Amino acid sequence: MNESNSKKNKKIFIVMLVLGIIFLIVGLYNLISYESYYKKGDKIEARIVNVLTYPDSNDDLFEKELEHYKALLQEYKAKGIIKENTNVAIIIMFDYNNQSYEKELGYFSNDLHIGQLVTIYIKDSNPNDFMYGGKNKFSIYASLIIGGTLSLIALISI
């Protein structure tokens, strides 16, 4: 019985190690990708032109706001500004190489509002490939910490 418990524990620690390595790889990949936008990307100021959110159902003008929301949603999807499965979005406008672009920021926060300037980084001179400068890096660091912790515990225990 003791030998079977030992084998079972070893399998658990191997699974922990594999998961830890996966978390580390994902975290490192995202960190390297994130840094490449900042180091190699063109820094651009963009203006928030719309914050697309589902209207408050308790509002007296809910029906009218809902109609407006649905129309904007369809318009942005038809123009390719937002993806088909998107229901909330922050829409930005920026100029790059003497051309104006309207795009989805790819990040959502209640702290961002219409008219606000935000910094984006355009990678490889491609205005369709950009990253918001204020993006939260919590998930990257959490992935690295979880991966490192799982891997270390598994390695010590094996």
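Scroll up to find the structure this text is about.
Residues numbered from 1 in each chain as written. Predicted model: local features only at pLDDT ≥ 70, side-chain atom pairs only at ≥ 80, totals over all residues. Heavy atoms only, no water.

Comments concerning the nonpolar core
Then comes step 1: Formed by 15 residues in total, the largest nonpolar core has its most connected members in Ile92, Phe94, Leu105, Leu112, Val118, Ile120 and Ile122.
Then comes step 2: Only β1 (42-52), β2 (89-96), β4 (117-122) and β5 (130-132) provide two or more residues apiece to this core.
Then comes step 3: In terms of residue count, β2 provides more of this core than any other element does, 4 residues in total.
Then comes step 4: Setting aside residues up to four positions removed in sequence, Leu112 forms contacts with Ile48, Val51, Ile90, Leu105, Tyr107, Val118 and Tyr132.
Then comes step 5: Phe62, Leu66, Ile81 and Ala89 belong to the second-largest nonpolar core, a separate cluster that totals 11 residues. (Core = buried A, V, L, I, M, F, W, Y, C linked by side-chain atoms within 4.5 Å. Buried < 20%, exposed > 50% of the residue type's maximum accessible area, 1.4 Å probe, protein only. Helix = DSSP H or I, 4+ residues; strand = E, 2+ residues; numbered from the N terminus. Contact = heavy atoms within 4.5 Å.)

As for a nonpolar patch on the surface
Then comes step 1: Together, Ile14, Val15, Val18, Leu19, Ile22, Phe23, Val26, Ile146 and Ile158 line one region of the surface with nonpolar side chains, adding up to about 740 Å² of accessible area.
Then comes step 2: With 7 residues, the single largest contributor to the nonpolar patch is helix α1 (residues 2-40).
Then comes step 3: The exposure class of Phe23 is partly exposed, given its relative accessible area of 33%. (Patch = residues over 30% accessible without salt bridge, like charges linked within 9 Å, V, L, I, M, F, W, Y side chains within 5 Å. Areas by Shrake-Rupley, 256 points an atom, 1.4 Å probe, with all protein chains shown as cover. Salt bridge = Lys/Arg side-chain N within 4 Å of Asp/Glu carboxyl O.)

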